[in-house]
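# Reading the structure
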Amino acid sequence: MKATLTRKTDLEILIESRDKNAINALIEQKEIALEEVINNAEWYASIGLDEMADNEVARQEKLIRDIERLKAAI
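About the thresholds
Residues numbered from 1 in each chain as written. Predicted model: local features only at pLDDT ≥ 70, side-chain atom pairs only at ≥ 80, totals over all residues. Heavy atoms only, no water. Helix = DSSP H or I, 4+ residues; strand = E, 2+ residues; numbered from the N terminus. Buried < 20%, exposed > 50% of the residue type's maximum accessible area, 1.4 Å probe, protein only. Phe/Tyr/Trp six-rings, centres within 6.5 Å; stacked < 30°, edge-to-face > 60°. Polar contact = N/O pair within 3.5 Å; in protein donor to acceptor, adjacent residues only side chain to side chain. Contact = heavy atoms within 4.5 Å. Axes fitted to C-alpha atoms, helices over the stretch in contact; angles between N-to-C directions. Parallel < 35°, antiparallel > 145°, perpendicular 65-115°, else oblique. Nonpolar A, V, L, I, M, F, W, Y, C, P; charged D, E, K, R; others polar. Core = buried A, V, L, I, M, F, W, Y, C linked by side-chain atoms within 4.5 Å.

On to the environment of Glu-35. With respect to the secondary-structure elements, Glu-35 resides in helix H2 (residues 20–46). A residue is classified by how much of its surface remains accessible, and Glu-35, at 53% relative accessible area, is exposed.

A word on the packing of aromatic side chains. Any two aromatic rings considered together are summarised by their centre-to-centre distance and by the angle between their planes. The final tally for this structure, using the stated rule, is 1 aromatic pair. Here Trp-43 and Tyr-44 contribute two aromatic rings whose centre-to-centre distance is 5.3 Å and whose plane-to-plane angle is 55°, an arrangement assigned as tilted.

Along the chain, Asp-66 turns up in helix H3 (residues 50–73). Assessed through its relative accessible area of 7%, Asp-66 is described here as buried. Polar contacts involving the side chain of Asp-66 include one to the side chain of Lys-30, which spans 3.1 Å. Sequence-distant contacts of Asp-66, that is, excluding residues within four places in its chain, are made with Leu-11 and Lys-30.

All right, on to the packing of helix H1 (residues 10–17) against H2 then. Interhelical geometry of H1 versus H2 gives an angle of 140° and a closest axis separation of 9 Å. Of the possible angle classes, the one that applies to H1 and H2 is oblique. Between H1 and H2, the contacting residues are Leu-11, Leu-14 and Ile-15 on the first element and Ala-22, Ile-23, Leu-26 and Lys-30 on the second. Of the residues belonging to the contact of H1 with H2, the class tally is 6 nonpolar, no polar and 1 charged.

Here we take up the nonpolar core. Judged by nonpolar contacts, Leu-11, Leu-14, Ile-15, Ile-23, Leu-26, Ile-27, Leu-70 and Ala-73 together constitute the single largest core of 8 residues. For this core, the secondary-structure elements that each account for two or more residues are H1, H2 and H3. When neighbours within four sequence positions are excluded, Ala-73 is seen to be in contact with Ile-15, Arg-18 and Ile-23. One finds Ala-33, Val-37, Leu-63 and Ile-67 within the second-largest nonpolar core, a separate group that totals 5 residues.

Given below as structure tokens:
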């Protein structure tokens, strides 16, 4: 049987640390990034770059999930 190693993400490590100051700082950064990605998706869609808009929507969904996980950890 082959063992597989999984490495924790930086987000998982931060959540496990329970460092509320660092978690709050990251939430703020991700919320700013979320605003930017929403604007980017709208702009790409408005000029017909649907694939780029889809990529930004995927980024938006990941940021939302990350923010929710971080807020739950506080």
